[in-house]
Amino acid sequence: MDLFDYMRSNTQEKESPLASRLRPASLDEVVGQKHIIGKDKLLYRAIEADKLGSVIFYGPPGTGKTTLAKVIANTTKANFRQINATVAGKKDMEEVVREAKDALGMYGRKTILFVDEIHRFNKGQQDYLLPFVEDGTLILIGATTENPYFEVNGALLSRSRVFELKALEKEDIKELIQRAVYDKEKGMGSYDARIDDDAMEFLADVANGDARAALNAVELGILTTGRGSDGRIHIDLNVAQECIQKRAVRYDKGGDNHYDTISAFIKSMRGSDPDAAVYYLARMLYAGEDIKFIARRIMIHAAEDVGIADPRALVVAVSAAQAVERVGMPEAQIILAEAAIYVATAPKSNSAAAAIGEAMEAVRKERTMPVPVHLQDKHYKGAEKLGHGKGYLYPHDYPNHYVKQQYLPDGMEKQNFYHMSDQGYEQDVQKYFAFLKK
């Protein structure tokens, strides 16, 4: 490194964005992701021992993929090179490989290559790296926001271990905001700023697990806000809203607003009002409500209030829940809206919920009678000799695949738990049962 490179490096470090300056230098400084870098976890031990193999870090923006790569760079004895797949070409990779071969051949030193946004490499570029990863010339660290099982070559994946990074928790974001405002060495503590609790809560909420979004807002707020009468910079809720370009909605996830809004959302779907359902859905999404929580409520509603009147409602709700986890925001809002509208406009029946409620009550209150002999399992050792299963009538041997026989325990033959409604698909169920029993 010559004098100009040294001066450029120093200037870049001082002038780089706050999110970059706050990157931890060691594993113990990393916030969040304890499921992969807790002290008892494989990745932590591999980095500490400098025995890391090729890995792919996969997760949403702002969750620490590049941060972990930088920590590895600070702790490893291997040469560390970084390229970005959006701008790097074959020439850049050839240069890295040449240097890696020299370092390994002359000094026995390995080279770690960090490829940011590796999903941007085409198949040919990924294939070029494969033999050098395979023979140990390079240890690859790839970072991607896209599912690597779709975007990274199978051969490269098979030689790497995939670690999924999760969106940071709200408390993680708050810890980083505290560092950003008050840390004088890496943060902006020298500006003598303070942040109100409600402003910090708001930023941690709307960041939606993206640390970079919250830190960028903090930096903008401190740099653009004048000092108050006490000579300090005050980051209040209004400043926080301006800096992240989002209005705070009165919505406390642990308080009345949370419960009132989700209650209104569910009752609007139950009441077959899709407009109200979508409105309350929008309020929750805007306030940063957990999309998995919303999806769970739609699934429960589909089973409890739509039920057998339209069994497809539960299929739609479950599919939506799986989809929002894979897609994430902002696109997840479309998936949730589709599911909410479907269940709101579906015919309603709570017969399934009522049936299990009555059956549970019967089990709780009444004596548990034995299973009728003809329904007992005859296949385990000695069961058939005891008469288990004797007298069972196999429905498929009879017309319409139905034969009348006792299924409830003795003394309960006339109990009725499932009371069919005349809504939607249950009309067909009624007709079918009438046909069987005529």
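We now turn to the structure provided with this report. Note that the structure is predicted; figures quoted are calculated from it, not measured.

1. Things to note about the overall build of the protein
Alright, step 1. A count of helices and strands for the protein gives 20 helices and 7 strands.
Alright, step 2. In summary, the protein has a C-alpha radius of gyration of 30 Å against a globular reference of 22 Å for 438 residues, an excess of more than 25%.
Alright, step 3. Projected onto its principal axes, the C-alpha positions of the protein cover 95 × 65 × 40 Å.
Alright, step 4. Evaluated residue by residue, the protein yields a buried proportion of 41% over its 438 residues.
Alright, step 5. Taking as baseline every contact in the protein between residues at least 6 positions apart, the subset at least 24 positions apart corresponds to 71%.
Alright, step 6. A total accessible area of about 25100 Å² is found for the protein, and carbon and sulfur atoms account for 51% of it.

2. Some words on the sheet that holds strand 5 (residues 161-164)
Alright, step 1. Pairing within the open sheet is parallel, and its 5 strands lie in the order 2-3-4-1-5. Whereas interior strands pair on both sides, the edge strands pair on one side only; in this sheet they are strand 2 (79-84) and strand 5. Averaged over all adjacent pairs, the angle separating strand axes in this sheet is 15 degrees, with direction ignored.

3. A look at helix 20 (residues 425-437)
Alright, step 1. For helix 20, which comprises 13 residues, the first-to-last C-alpha distance of 19 Å matches the rise-based estimate of 18 Å (1.5 Å per residue) to within 8%.
Alright, step 2. Glu426, Val429 and Leu436 are the residues of helix 20 that are buried. With its buried residues spanning 75 degrees around the axis, helix 20 presents them on a single face.

4. As for the packing of aromatic side chains
Alright, step 1. One pass over the structure, following the stated rule, counts 4 aromatic pairs.
Alright, step 2. Taken together, a centroid distance of 6.2 Å and an interplanar angle of 75 degrees make the contact between tyrosine 432 and phenylalanine 433 edge-to-face.
Alright, step 3. Classification of tyrosine 432 by relative accessible area gives partly exposed; the value is 44%.

The rules behind each value
Residues numbered from 1 in each chain as written. Predicted model: local features only at pLDDT ≥ 70, side-chain atom pairs only at ≥ 80, totals over all residues. Heavy atoms only, no water. Helix = DSSP H or I, 4+ residues; strand = E, 2+ residues; numbered from the N terminus. Rg over C-alpha atoms; globule rule 2.2 N^0.38 Å. Buried < 20%, exposed > 50% of the residue type's maximum accessible area, 1.4 Å probe, protein only. Contact = heavy atoms within 4.5 Å. Areas by Shrake-Rupley, 256 points an atom, 1.4 Å probe, with all protein chains shown as cover. Pairing = 2+ DSSP bridges. Axes fitted to C-alpha atoms, helices over the stretch in contact; angles between N-to-C directions. Expected span 1.5 Å × (residues − 1). Arc of directions from axis to C-beta. Phe/Tyr/Trp six-rings, centres within 6.5 Å; stacked < 30°, edge-to-face > 60°.

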